[in-house]
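# Commentary on secondary and tertiary structure
Residues per chain, in single letters:
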Amino acid sequence: MKKVAELDIPLALLPIPIEIGPEGTLTPSLTITVDSSGISQNIIPLKDMVVNIGYVPATSFVGGTRLGSANIPFQKETTCPGVCPEDRAVESSLQVEAIIVQPLPNAIIPALITLGPTDIARVKIILRTVITVTRPVIKSKDRCFTDVNQNRCENPTPLNINPPVPPTN
């Protein structure tokens, strides 16, 4: 399964001047490093779905100069027929598969209209993982399996999902 953490960086707000060149590249270059050991997340089974929410700690560099760190949010809903809120979901360690820094000239960002130039760099961090969902079952004398809780999918009220605590930078 893949999930994507995404953040738009307004180039006009950076302390070091950076521009989108004629070839569509950033000058000087903007690079992102990820601390994959610091990723925080929650995994929540819902009816027929597993929700993952979390943060990826990342540090940005312009032309080799460190700008700062940020926790880039992600959220992924994975369809999983038969899953219920009382099931247990476990996820393998997240692996960073790719980091994309995409220049977007003249992006439409309503909150930044008064700032002048609206060029942004969209950062996407693609993560790979495997989710395993289990539930307690009982094996009868005739070798049939049944759920320990036959009503495990009956949840009359919506679940409140709490986000994980963001990593400290």
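What you see is a predicted model; the values in this text were computed from it and never measured.

### Examining the overall build of the protein
A tally of regular secondary structure across the protein gives 0 helices and 13 strands. Over its C-alpha trace the protein gives a radius of gyration of 21 Å, far above what one expects of a compact globule, namely 15 Å for 169 residues. For the protein, the spread of C-alpha atoms along the three principal axes comes to 70 × 30 × 30 Å. Excluding contacts between residues fewer than 6 apart, the proportion of contacts in the protein whose partners are at least 24 apart in sequence is 71%. A total accessible area of about 10300 Å² is found for the protein, and carbon and sulfur atoms account for 55% of it. Both charge centroids of the protein, one from 14 positive and one from 15 negative side chains, sit 10 Å from each other.

### Overview of the pairing of strand 7 (residues 65-79)
When strand 6 (residues 49-62) meets strand 7, the two strands line up antiparallel, connected through 14 bridges. Within the sheet, the bridge partner assigned to P57 lies in strand 7 and is N71. Adjacent in sequence and paired antiparallel, strand 6 and strand 7 are bridged by 2 residues, among which G63 carries a positive phi angle near 55°.

### Observations concerning the pairing of strand 10 (residues 120-128)
Where strand 1 (residues 2-10) and strand 10 come together, 9 bridges link them in antiparallel fashion. Residue L7 lies in a different strand from strand 10, and its bridge partner there is V123. Inspection of the sheet shows strand 9 (residues 95-104) paired to strand 10 by 9 bridges, in the antiparallel sense. By the bridge assignment for strand 10, Q102 is matched with R122.

### A look at the side chain of N52
If you trace the backbone, N52 turns up in strand 6. Excluding residues within four positions of it along the chain, N52 makes contact with M1, K3, Q41, N42, I43, F74, Q75, K76, T78, E91 and I131.

### Here we look at the environment of L26
Summarising the element assignment, L26 is placed in strand 3 (residues 26-27). Overall, the relative accessible area of 12% leaves L26 in the buried class. Separated by 77 residues in sequence, L26 and P103 have C-alpha atoms that sit 6.7 Å apart. Contacts of L26, omitting those with residues within four sequence positions, involve L11, I18, E19, I20, V101, P103 and A121.

### Some details on unusual backbone geometry
Cis rather than trans, the peptide bond between T27 and P28 has omega equal to -10°. Within the element layout of this structure, P28 appears in the loop between strand 3 and strand 4 (30-34). Look at D48: it is not a glycine, yet its phi comes out positive at around 60°.

### Overview of the environment of C144
Its location among the elements puts C144 in the loop between strand 12 (137-139) and strand 13 (145-147). Classification of C144 as partly exposed rests on a relative accessible area of 38%. Those residues within four positions of C144 in sequence are excluded, and the remaining contacts are I138 and K139.

### Regarding the pattern of salt bridges
Between side chains of opposite charge, a pair can form when the charged atoms approach closely. Considering all chains together, one arrives at 8 salt bridges under this definition. In this structure, the salt-bridge partner of E91 is K3, at a minimum N-O distance of 2.7 Å. Pair noted here: E91 is in strand 8 (residues 88-91) and K3 is in strand 1, with a separation of 88 residues, a long-range link. For the residue pair E91 and K3, the accessibility class agrees, reading buried in each case. Salt bridges here are not isolated pairs; linked through shared partners, they connect E6, D8, R122 and K124.

Rules and cut-offs
The residue count restarts for each chain, going from 1 along the sequence in the order it is written. Per-residue local features of the predicted model are confined to residues with pLDDT of at least 70, and side-chain atom pairs are confined, for both listing and counting, to 80 or more; whole-chain, interface and lining totals are unaffected and use all residues. With hydrogens and water set aside, each side-chain value is computed from the structure's full complement of heavy atoms. Counting from the N terminus, the helices are DSSP H or I runs at least four residues long and the strands are E runs at least two residues long. With C-alpha atoms as the basis for the radius of gyration, the globule rule is written as 2.2 Å multiplied by the number of residues raised to the power 0.38. Contact between two residues is taken to exist if any of their heavy atoms lie within 4.5 Å; hydrogens are not considered. Each accessible area value is a Shrake-Rupley result obtained with a 1.4 Å probe; residue values ignore everything except the protein chains displayed when judging cover. Charge counting follows a simple rule: Lys and Arg are positive, Asp and Glu are negative, and His as well as the terminal groups are ignored. Throughout, a charge is located at the NZ atom of Lys, the CZ atom of Arg, the CG atom of Asp or the CD atom of Glu. In short, DSSP must find at least two bridges between two strands for them to pair. Remark: exposure states derive from per-residue accessible area (1.4 Å probe, protein chains only) relative to the maximum for the residue type, with buried under 20%, exposed over 50%, and partly exposed in between. By salt bridge we mean one thing: a side-chain nitrogen of Lys or Arg within 4 Å of a carboxyl oxygen of Asp or Glu.

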